[in-house]
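# Residue-level structural notes
Listed here are the chains, written in short residue letters.
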Amino acid sequence: MQDSLLQYFAESEIAFDQFVIQMPSGVILKDGRPVRFEPQILTLLLLMIKHKDHVVSRDEIVAQVWGDKKASDDAIRALVKKLRIALGDNARAPKFLKTVPLQGYLFIMPVKIEFHDADWWRSNLVIYSISIVAIILITLFLQAQFDTFTSNELKPKPEVFISTIMQMKGSEVSPYLSKNDRLLFSHRGLNDNSLQLYVKDLNSVVSKRITWDSADYVDGIFSSDASQAIVKRKLGDQESLLIFSFDVDFNVLSAQPIKLGEAALLQDISAVSYSQDDKYLYIFGEARTTSEPIAMVEAALTHKVEGDKKTEEIPAESTAVNFGLVRYNLELKQSTVLALPVPTGSRVVDAKESADGDFLAVLIRGKKHADIYVQELSSEETKLAKRVPLLSTHLVWAGDGGSITFSTEAGELLNLNISERRLYRWIDLPVKASEVVSQCGEYCFVIKEREADLTNIVERPFAFNKQVYIGATQFLATSNDRFPTYFNDGKGIYFLSLSNDALAIKRYINGKGVDVIYTLPKTSDINSFVLSPNENYFAGELEGRIFLYSVNMGTLSFLTSGEKTNRNPVWISDDVLFYQQNENNSSVIYAHDVVSNQVKVQAEGLHFIKPLNNKQWLLVDEKLHAYLYEKLPLESGEYGSEVPVFSAGMLDKSTKFAELDSLNSSDFDVVDNALFFISMNNGLYLLNRMALDTGAIETRDLGMQSVLRQFDIHPGMQKMVLVESSLAQSNLLRVDGLTLSTRQVKQVVTETP
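What you see is a predicted model, and the numbers here were worked out from it, not measured in a lab. (Residues numbered from 1 in each chain as written. Predicted model: local features only at pLDDT ≥ 70, side-chain atom pairs only at ≥ 80, totals over all residues. Heavy atoms only, no water.)

## Here's the deal with the side chain of R709
Heads up, the rule is: Counting from the N terminus, the helices are DSSP H or I runs at least four residues long and the strands are E runs at least two residues long. The term polar contact refers here to a pair of N or O atoms within 3.5 Å; inside protein, the definition further demands a hydrogen-donor-capable atom paired with an acceptor-capable atom, and it admits residues adjacent in sequence only when both atoms are side-chain atoms.
Along the chain, R709 turns up in strand β55 (residues 707-713). At a separation of 3.3 Å, a polar atom in the side chain of R709 contacts the main-chain carbonyl oxygen of I678.

See below:
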């Protein structure tokens, strides 16, 4: 119950219908007999009574009942329903609580409130104090039963501190942190075809690359002091586990394969973790599909079942089987399969020993759920088996061994209290975590932030020139930047930038830097962005509508309604804009005069039209086939300025020059009597130049780095701007100051058998 309600009602009796509420104890009587209301229901009832003369909005309910937390409309409706049930009310014929559509709720039952005076309070001080203590204890018990204890809301919350351990442009996977702050990870660089192995001392600003061949190196784990690492090497269909040995400077002393026996070699093997004393490895094996019997145990492999050693064979009719979780002795080179249920189709995604080495926590993930098992290593007895929310990933132990924190693919951190056998959530996590790497304190974790693809603008030499030395601006941005367009004088660019805060139209001026010229809500998404020839306007597609942004006025307006989707605006002149719309299963292109606001049909059966010069046009049909169309000259031999009315019947197969896999207004540029566009062939991105006088096409390699079709060529034709899509942008973060929720997570399905 919130303090404001306690202060308002103070020492009073609230009577309505058959009910009496005694305040501040919150004791409720119905027909003279005590009844029990959940704390949130009582808070809502008192709120409705306090404001019985006006409609209570949903925002008021959230502020009073949930405090600084958010609550959905469904949660509010559920709470109101509970209150109605407690009062015996009917929503269709309300006696107590009336729903006011689009406004909130109104308490309609007459209420009598009798406030006690100060003398009454003083005369009953001792008895009342004892009563309050008893009521507080009872309330705490009831709140614990209903999982509504909210002491965290009443305490000052610690400030959350975030520090970046590592930030790299590319693909980072399998980060593993040793006890002495050495990091092992796999990384695919911008020009790499495979994942390579890297190591990093967190006290250093640099990383060191270990492998240089064409294989993938993944799922690496460190020993406690980072002197050894176990890594999976994948080359085609061949997989093996390698053990690397390092000196103090991370120079490789040796790299040897681990021998697990013939049975294990039939499996897909992954190293999961070292034991606390570094004498053992935990390894998970998943069988490949086969119709032959698989000898699960051989001379070097024992399978413990109820304490006995025996050999098992999988019948020939079985096509796949899990090898299980293996404890591998590094010195004796012997393997033991642990007695844990890993059904076919499930896999061990993590397994770690507690700090004292007494217990092993194993996270087994299936298609529809995940299970955490805590096993005592000395007896191999399972102490806890808990089913947890679906799509759970990595886990870490708390320093005292009392709980386990694991990450989920929803980006949350959940905490399993072992003695209580209950699941809680770490709240106030300011980012989404794809992995929890380690626990660095009671409220501190090292996490891998969920990867996010970024698109960045890059300036490079024009692909058809061969300059060795040229100054090209490099934009070091952590936002998604798109649609770069050079100024007509080449002294800057306009572009769109999407960050965590907003979508903005920006410009970069040589020597002056970047500034924002217009901001839209971050929920917006602009799919086209083209500058008029006189640089007075930008036109684009925003959520299916064509907008016009005035550079001089700094205003944005819409040319089309949202009734039909309009795409791909193209400037024909300073004031006339083309855009495409689908009508009756056919494509129509409209010409829109932005000054007079007059609109007319300019083409039917075509998807895109762009003028190339005074006589040639680029036409794209509904199948995304590109054609070069040339107007017929007038009797005078001139071509005139009138824009033709186009149709699909005007297309000539002999003028087809490309089949496009996508289409956007910014996909083409016309410079020096040539049409430029980007295509992809065998993994390479190519810049194509089509000579408009001869139709001949030349190409230049832009490399394997993924680029969008959006580009622009500098007026001087020495440079160009492209939009590169990074493979990923992922951060390894240290997050300190998190708060553990006191409310049990309710998504738990059941205890596992």
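## Digging into helix α4 (residues 73-87)
The line we're drawing: Expected span of a helix, by definition, is 1.5 Å for each gap between consecutive residues, and there is one gap fewer than residues. Residue exposure (1.4 Å probe, protein chains only): buried if accessible area is under 20% of the type maximum, exposed if over 50%, otherwise partly exposed. This arc is built from the directions going out from the helix axis to the C-beta atoms. The criterion used for residue contact is that any of the two residues' heavy atoms lie within 4.5 Å.
For α4, with 15 residues, the first-to-last C-alpha span of 21 Å sits near the 21 Å given by 1.5 Å per residue. Among the residues making up α4, those that are buried are I76, L79, V80, L83, R84 and L87. In a view along the axis of α4, the buried residues occupy a sector of 140°, so they form one face of it. The exposed set on the far side of α4, more than 90 degrees from its buried face, consists of D74, K81 and I85. Close packing links the buried residues of α4 with β1 (12-16), β2 (19-23), α2 (39-50), α3 (58-66), β5 (97-100) and β6 (104-107). Following α4 by one or two positions, G88 adopts a phi angle in the positive range, close to 75°.

## Quick word on the nonpolar core
Applied cut-off: Buried residues of nine kinds, namely Ala, Val, Leu, Ile, Met, Phe, Trp, Tyr and Cys, make up a nonpolar core once their side-chain atoms join them within 4.5 Å.
Among the nonpolar cores identified, the biggest contains 33 residues, and F16, I21 and F107 are the most heavily contacted of them. When residues of this core are traced back to their parent elements, those giving at least two are α1 (3-9), β1, β2, α2, α3, α4 and β6. Counting residues per element, this core draws most heavily on α2, which supplies eight residues. Apart from residues no more than four positions distant in its own chain, F107 is found in contact with F16, L45, M48, I49, K52, F96 and L97.

## Details of the sheet that holds strand β36 (residues 502-509)
Selection criterion: Strands are treated as partners if at least two bridges between them are detected by DSSP. Here an angle of 0 to 180 degrees is reported between the N-to-C directions of two axes, which are lines fitted to C-alpha atoms, with helices fitted over the stretch in contact.
The strand order across the open sheet formed by four strands is β34-β35-β36-β37, and the pairing between neighbours is antiparallel. In this open sheet, the two edge strands, each paired with only one partner strand, are β34 (480-486) and β37 (513-521). Strand-to-strand twist across the sheet, computed as the mean angle between neighbouring axes with direction ignored, equals 20°. Bridge count for strand β35 (residues 492-498) against β36 is seven bridges, and the pairing is antiparallel. Of the residues in β36, the one forming a bridge with F495 is K506.

## Things to note about the packing of α2 against α3
We count it as follows: Throughout, the term roughly parallel applies to angles under 35 degrees, roughly antiparallel to angles over 145, roughly perpendicular to angles from 65 to 115, and oblique to all others. Take the far helix as the reference: if the near one is turned anticlockwise from it by less than a right angle, the crossing is left-handed, and if turned clockwise, right-handed. Under the convention adopted here, Pro, Cys and the residues Ala, Val, Leu, Ile, Met, Phe, Trp and Tyr are nonpolar, Asp, Glu, Lys and Arg are charged, and Gly plus all remaining residues are polar.
Contact geometry for α2 and α3: axes closest at 10 Å, N-to-C directions at 130°. Between α2 and α3, the angle is such that the two are oblique. Between α2 and α3 the crossing geometry is right-handed. Across from Q40, T43, L44 and L47 in α2, the residues of α3 making contact are E60, I61, Q64, V65 and W66. By residue class, the composition of the contact of α2 with α3 is five nonpolar, three polar and one charged.

## Describing the pairing of β2
By the alternation rule, side chains of β2 split into F19, I21 and M23, which are all buried, and V20 and Q22, of which none is buried. Taken together, β1 and the strand that follows it, β2, pair antiparallel across an intervening segment of two residues, in which D17 is found at a positive phi of about 50°. Strand direction decides the pairing type here: β2 and strand β3 (residues 27-30), joined by four bridges, are antiparallel. Counterpart to I21 in the pairing with β3 is I28. Following β2, the chain reverses through three residues before pairing antiparallel with β3; G26 in that reversal takes a positive phi of roughly 80°.

## Considering the confidence of the model for the chain
We apply this condition: Residue-level confidence of the predictor is summarised by pLDDT, bounded by 0 at the bottom and 100 at the top.
In the predicted model, the chain carries a mean pLDDT of 80, and 81% of its residues have values of at least 70. Confidence scores differ between elements of the chain, with strand β19 (residues 301-305) showing the lowest mean pLDDT of 34 and strand β42 (residues 566-571) the highest of 93. Segment residues 118-133 is flagged for pLDDT under 50; beyond a separation of four residues in sequence, or across chains, it makes nine contacts in the model. In this model, residues 262-266 is a region of pLDDT below 50 whose contacts with residues beyond four sequence positions or in other chains number 12 contacts.

## So, the sheet that holds strand β16 (residues 252-257)
Hydrogen bonds between backbone atoms are what pair the strands of a sheet, whose relative direction is either parallel or antiparallel. With antiparallel pairing, the four strands of this open sheet are ordered in space as β13-β14-β15-β16. Edge positions in the sheet fall to β13 (216-222) and β16, since each has one partner strand and no second. Each neighbouring strand pair of the sheet contributes to a mean axis angle of 25°, computed without reference to strand direction.

## Quick look at the packing of aromatic side chains
Aromatic ring pairs: the centre-centre distance and the angle between the two ring planes describe each pair. Rules: Aromatic pairs are defined between Phe, Tyr and Trp rings, using the six-membered ring for Trp, whenever the two ring centres lie within 6.5 Å; interplanar angles under 30 degrees are classed as stacked, those over 60 as edge-to-face, and all others as tilted. Here, a charge over a ring is recorded when the distance from Lys NZ or Arg CZ to the ring centre is within 6 Å and its angle to the ring normal is within 35 degrees.
Inspection of the entire model under this criterion finds 29 aromatic pairs. Measuring from centroid to centroid gives 6.1 Å for F222 and F250, while their planes differ by 15°, and the two rings are stacked. Of the two residues, F222 is situated in strand β13 and F250 in the loop between β15 (238-246) and β16; the sequence distance between them amounts to 28 residues. We note that F222, like F250, is buried. One residue, R327, lies across the ring of Y280, its end atom 3.9 Å from the ring centre. Stacked on the ring of F558, the Lys or Arg R545 has its end atom at 4.0 Å from the ring centre.

## A look at the environment of L242
You can see L242 is positioned in strand β15. On the basis of relative accessible area, L242 is assigned to the buried category, the value being 12%. Along the primary structure L242 and G220 are separated by 22 residues, whereas in three dimensions their C-alpha atoms are 9.4 Å apart. The contacts of L242, once residues within four sequence positions are left out, are Y217, A229, I230, V231, R233, Q256 and P257.

## What to know about the environment of M690
Note on placement: M690 falls in strand β53 (residues 684-691). In the structure, M690 is positioned 33 residues away from F657 in sequence and 9.0 Å away in space, judged by C-alpha atoms. Apart from residues no more than four positions distant in its own chain, M690 is found in contact with L628, F657, N673, A674, L675, G695, A696 and I697.

## With respect to α3
When we look at burial in α3, the residues that qualify are I61, V62, Q64, V65 and W66. Once α3 finishes, G67 follows within two positions and takes phi at roughly 65°, a positive value.

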